[in-house]
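Take a look at the letters that make up each chain.
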Amino acid sequence: MLNLTRIAPTPSGFIHAGNALNFILIYTLARHTNAKIELKIDDIDQNRSKDIYIEDIFETLKWLRLDWDLGACNKNDFLKNYSFAHKQKILFKVILSLWRKNPDIFYACKCSRKGINGIYHGDCIKLNLELEKEKTALKLHVDNDSNIILRNRYVNIYSAFGDITLWQKEDFCSYQFASLFLDEDHKTSLIVRGDDLFNSTALQLYMARLFGFENFLQTTFIHHMLIFDSNGSKLSKSNGSNSLASWRKNGKKPNELFQKAAQIIGVKEFWQVNTKEDILTCKDELDMFLRTNGQKVSSAF
Ligand SMILES: [Zn+2]
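Residues numbered from 1 in each chain as written. Predicted model: local features only at pLDDT ≥ 70, side-chain atom pairs only at ≥ 80, totals over all residues. Heavy atoms only, no water.

## What to know about helix H11 (residues 255-265)
- Regarding H11, the residues found buried are Leu257, Phe258, Ala261, Ala262, Ile264 and Ile265. Seen along its axis, H11 keeps its buried residues to an arc of 160°; they face one direction.
- Close packing links the buried residues of H11 with helix H1 (17-33), helix H2 (51-64), strand S10 (220-224), helix H10 (244-249), helix H12 (276-280) and helix H13 (283-293).
- Phi for Gly266, located one or two positions after H11, is positive at around 105°. (Buried < 20%, exposed > 50% of the residue type's maximum accessible area, 1.4 Å probe, protein only. Helix = DSSP H or I, 4+ residues; strand = E, 2+ residues; numbered from the N terminus. Arc of directions from axis to C-beta. Contact = heavy atoms within 4.5 Å.)

## Section: the environment of Ile191
- You can see Ile191 is positioned in strand S9 (residues 190-194).
- The spatial distance from the C-alpha of Ile191 to the C-alpha of Arg6 is 6.8 Å, given a sequence separation of 185 residues.

## Here we look at the pairing of strand S6 (residues 147-150)
- Burial of the side chains of S6 is restricted to one face: Ile148 and Leu150 are buried, whereas none of Asn147 and Ile149 on the reverse face is.
- Of the pairings in the sheet, the one linking S6 to strand S7 (residues 153-156) comprises 4 bridges and is antiparallel in character. Bridging across to S7, Ile148 finds its partner in Val155.
- Hairpin geometry of S6 and S7 is characterised by an intervening segment of 2 residues between the two adjacent antiparallel strands and by a positive phi of about 50° at Arg151. (Pairing = 2+ DSSP bridges.)

## Remarks on the domain arrangement of the chain
- According to the domain assignment, the chain contains domain 1 (4-86 + 186-300) and domain 2 (88-167).
- Opposite the 26 residues of domain 1 that make contact, domain 2 presents 23 residues.
- For the pairing of domain 1 and domain 2, the buried interface totals around 2,000 Å² over both sides, and the portion due to carbon and sulfur atoms is 69%.
- Looking only at domain 1, the three residues that lose the most surface to domain 2 are Phe198, Tyr206 and Phe211, adding up to 29% of its buried area.
- Taken together, the links from domain 1 to domain 2 amount to 1 salt bridge.
- One salt bridge connects Arg153 with Asp195, and the closest N-O pair in it is separated by 3.1 Å.
- Inspection of the region where domain 1 meets domain 2 yields 2 residue pairs in polar contact (both at pLDDT 80 or more).
- Within the residue set of the side of domain 1 that touches domain 2, elements represented by two or more residues are helix H8 (198-211) and H13.
- Partitioning the side of domain 1 that touches domain 2 into residue classes produces 14 nonpolar, 9 polar and 3 charged. (Domains from an automatic or database assignment. Buried area = accessible area lost by both parts, 1.4 Å probe. Salt bridge = Lys/Arg side-chain N within 4 Å of Asp/Glu carboxyl O. Polar contact = N/O pair within 3.5 Å; in protein donor to acceptor, adjacent residues only side chain to side chain. Nonpolar A, V, L, I, M, F, W, Y, C, P; charged D, E, K, R; others polar.)

## Looking at the pattern of salt bridges
- Under the criterion given, the structure shown has 14 salt bridges.
- Of the charged contacts in the structure, one is a salt bridge between Asp69 and Arg31, with a shortest N-O distance of 3.2 Å. Here Arg31 lies in helix H1 and Asp69 lies in the loop between H2 and strand S3 (70-71), a separation of 38 residues in the sequence.
- Judged by its relative accessible area of 36%, Asp69 falls in the partly exposed class.
- Among the residues examined, Arg31 registers a relative accessible area of 23% and is labelled partly exposed.
- Note that Glu132 and Lys135 form a salt bridge whose closest N and O atoms lie 3.9 Å from each other.
- On the basis of relative accessible area, Glu132 is assigned to the partly exposed category, the value being 38%.

This is how it looks when you write it as structure tokens:
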């Protein structure tokens, strides 16, 4: 049963066409299956999150005419009631209790992010350091034998990520853990992401298996294709020219985003699609898309 899915943008830049495509796919799959939609704005990285980008998320959803069932209804409601800033204490408690249960694989690490260079296979595990604000991060040791298999694709967590940061040195929860824990806690049953997040999914599944997060292990995942810019690069939030805020400013309508979503879903005459309602009439295509792209992970272990 698909009960709950979520639209989960990060407010660290203006929303672009690729994000909107993801929102449309989530929306249409949810309404087709009667799953509820939660708006889960991931402002975990408080240094990069900005009010103007939170506002932009609400403006974009309004422009796309996509509604949701749970979560904040506007920027002020979000900042007051839903921001991760209010959840840091709970997340820290959860992480400490997991540390108590897994003392041999958790450790404090003093290496700087720059020194780590993305993938960390460091030695701090041997040093037995204290966890200290601004001085150490809390890490999870990953074994060499750490394959996660989703359908016919697999990721070795050890070589893709190395040891995983759970709590940042700057004293906030890591994106990967916070995102995972809230999906576990809210019992999210359908997660729809761009294909660039396939490895992230694998990483979160690795943690979910280790920590016994049974809800997350039952989630259905869909990783969809991305939109590229005219140079063939992935759209990036930092590139303002791609932003939908600039589309709106120029009076551009979102029709082509709905067409692209319809094309991905497998609607034959996708160029005739203009709205969410048009996609929702394509029931067979939506069923087929879910059947052929839904990755159920419980069978993967
Ligand atoms: Zn270290």
